[in-house]
Amino acid sequence: MQKLINKENNTVNYGIYDEKIDFNWSDYKMHNFFDRKVSAFKKKFGFHKFHFIAFSNENFIVGLAFVDIGIARNIFGYVYQKNKGIICQWQKDIIGKGLKFTNDIDYNEIYYHAHGIHIDIKKNIDIGTIIGHFKYRDIVDLNYEVQLTIKNKPLRVINPSDFDHWVFTAKRAGLKLNVFDIKANGVKINMGSNDTLASIDWSGGFFKRDTSWAWGCGSTKINKDIVGFNFAVFNNNALYPENAVWFNDQREHVEHILFKWDYNNPYKKGMEIYTSDERIHLWFKPLGQKDDVNSRGFGIVKTNFRQFFGEYNGHVNCNGKKVTLKKFLGLFELHKALW
């Protein structure tokens, strides 16, 4: 099994990983601006991570997000219904050690149980599932089991972000569900595990303090086939980009992608995602959005993001197969952060 860190010479094994990895992040010797070794305490709290999982079908998008920036932690999410907007949402800052969020990418656990909130999420790449129970007071109650193995070809990349910082990310769109049950505002929603797909993003490492990205993600069923994609730009990870298209369990890694939108009025013309050779060309029509524009920790942490819900149209290619996509729900996000 390949190690993340070469302990002998303190180098990071950058690249794309289609096998399990020994995520020995704590062996990394981190240095500050003046090339002095950072203490174990500062390194521990300098390791930041987030996990986002979305569930979508032709009428709904459900999003769950968990952010850990050392001392401060944040959870948020929503249930969006087409033609009705956000029917419920939640957000909470958690200070201290109340939220358990482990660092191992393949055997990850998120746990919290207090103040009417219950989170119990376990990811095990050997068993091949992400099993989760999320309850936020009387607002939402969600149980799910997502199929996820190495054979599903998630895009797992490790990139440098500057001299002493690096980031690992694992992304996959269009995952099948074994279980999916949800209540919103005490009412059961009939989304159905057979009709709903999951998309995941698990990212962790030593991010640059100034981190930004534009991101688009979606998945849909076309007859018996499942198509998904994940595209991102401006995210400090240019060596091994976080761009991929999946057709069932095939994956094509996309090196270069272009985004175009009117930042001041994205609803006017929507967003465009494309490659210069037209192998990928998508249009996104925003229908609603979830915002988080905030300053936390006396201004040390600042967040400015808009996550849009909307419809994708266009086409993608996966290993020579062109797939036409019509009017299905997906996500588009504009994100700026100082953390």
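Higher on the page you've got the structure.
The rules behind these values
- Residues numbered from 1 in each chain as written.
- Predicted model: local features only at pLDDT ≥ 70, side-chain atom pairs only at ≥ 80, totals over all residues.
- Heavy atoms only, no water.
- Pairing = 2+ DSSP bridges.
- Helix = DSSP H or I, 4+ residues; strand = E, 2+ residues; numbered from the N terminus.
- Phe/Tyr/Trp six-rings, centres within 6.5 Å; stacked < 30°, edge-to-face > 60°.
- Buried < 20%, exposed > 50% of the residue type's maximum accessible area, 1.4 Å probe, protein only.
- Lys NZ or Arg CZ within 6 Å of the ring centre and 35° of its normal.
- Salt bridge = Lys/Arg side-chain N within 4 Å of Asp/Glu carboxyl O.
- Contact = heavy atoms within 4.5 Å.
- Polar contact = N/O pair within 3.5 Å; in protein donor to acceptor, adjacent residues only side chain to side chain.

(A) Highlighting the sheet that holds strand β9 (residues 85–95). Strand order in the open sheet formed by eight strands is β4-β15-β16-β19-β6-β7-β8-β9, with antiparallel pairing between adjacent strands. Here the strands that pair on one side only, and so sit at the sheet edges, are β4 (15–16) and β9. In the sheet, β4 pairs with strand β15 (residues 155–160) via two bridges, with the strands oriented antiparallel. Directly across from glycine 15, in β15, lies its bridge partner isoleucine 158.

(B) Structural context of the pairing of strand β12 (residues 117–124). Across six bridges, strand β11 (residues 109–114) lies against β12 in antiparallel orientation. Looking at β12, one finds that histidine 113 is bridged to histidine 118. In textbook terms, the turn of a hairpin is the stretch between consecutive antiparallel strands, and for β11 and β12 this stretch comprises two residues, one of which, histidine 115, has a positive phi near 55°. In the sheet, β12 pairs with strand β13 (residues 129–136) via eight bridges, with the strands oriented antiparallel. Following the sheet pairing, asparagine 124 is matched in β13 by threonine 129.

(C) Expanded view of the packing of aromatic side chains. As enumerated under the stated definition, the model contains 34 aromatic pairs in all. Aromatic pair phenylalanine 23 and phenylalanine 168: ring centres 5.6 Å apart, planes at 70°, arrangement edge-to-face. Of the two residues, phenylalanine 23 is situated in the loop between β5 (21–22) and α1 (40–46) and phenylalanine 168 in strand β16 (residues 166–175); the sequence distance between them amounts to 145 residues. Taking relative accessible area as the criterion, phenylalanine 168 reaches 0% and is therefore assigned buried. Ring plane angle 40° and centroid distance 5.5 Å describe the contact between phenylalanine 76 and phenylalanine 305, whose orientation is recorded as tilted. Residue phenylalanine 76 is found in strand β8 (residues 72–81), and its partner phenylalanine 305 is found in strand β27 (residues 301–318); the two are separated by 229 residues along the sequence. Given the relative accessible area of 2%, phenylalanine 305 is considered buried. Counting every residue linked through ring pairs, the aromatic cluster contains Phe23, Trp25, Tyr28, Phe47, Trp166, Phe168, Trp202 and Phe206. A cation sits over an aromatic face here: lysine 49 above phenylalanine 101, 4.9 Å from the ring centre. We note arginine 306 situated over the ring of tyrosine 263; from NZ or CZ to the ring centre the distance is 4.9 Å.

(D) Structural context of the pattern of salt bridges. Counted by the stated rule, this structure contains 17 salt bridges. Glutamate 109 serves as the salt-bridge partner of lysine 100, at 3.4 Å between the closest nitrogen and oxygen. Beyond isolated ion pairs, a larger network of salt bridges with shared partners links Asp18, Lys153 and Arg251.

(E) Looking closely at unusual backbone geometry. With phi around 65°, aspartate 35 is a residue other than glycine that occupies positive phi space. Note that aspartate 35 resides in the loop between β5 and α1. The class of aspartate 35 is exposed, set by a relative accessible area of 59%. With phi around 55°, asparagine 185 is a residue other than glycine that occupies positive phi space. As for its placement among the helices and strands, asparagine 185 is situated in the loop between β17 (177–184) and β18 (187–189).

(F) Spotlight on the sheet that holds β17. On the basis of which strands lie adjacent, the open sheet formed by seven strands has the order β10-β11-β12-β13-β14-β17-β18 and antiparallel pairing. Of all strands in the sheet, those with a lone pairing partner are β10 (100–101) and β18, marking the two edges.

(G) Focus on the environment of phenylalanine 206. On the secondary structure map, phenylalanine 206 appears in the loop between β19 (197–205) and β20 (210–222). For the pair formed by phenylalanine 206 and asparagine 190, sequence separation is 16 residues and the distance between their alpha carbons is 40 Å. The residues contacting phenylalanine 206, other than those within four sequence positions of it, are Trp25, Tyr28, Met30, Lys43, Gly46, Phe47, Ser161, His165, Trp166 and Val167.

(H) Examining the environment of lysine 100 more closely. Within the secondary structure, lysine 100 sits in strand β10. With 75 residues separating them in the primary sequence, lysine 100 and tryptophan 25 have C-alpha atoms 17 Å apart. Residue contacts for lysine 100: discarding those within four places in its chain leaves Glu109, Ile110 and Tyr111. Here glutamate 109 takes part through its side chain, which lies 3.4 Å from a polar atom of the side chain of lysine 100.

The quantities given are spatial measurements derived from coordinates; they are silent on function.
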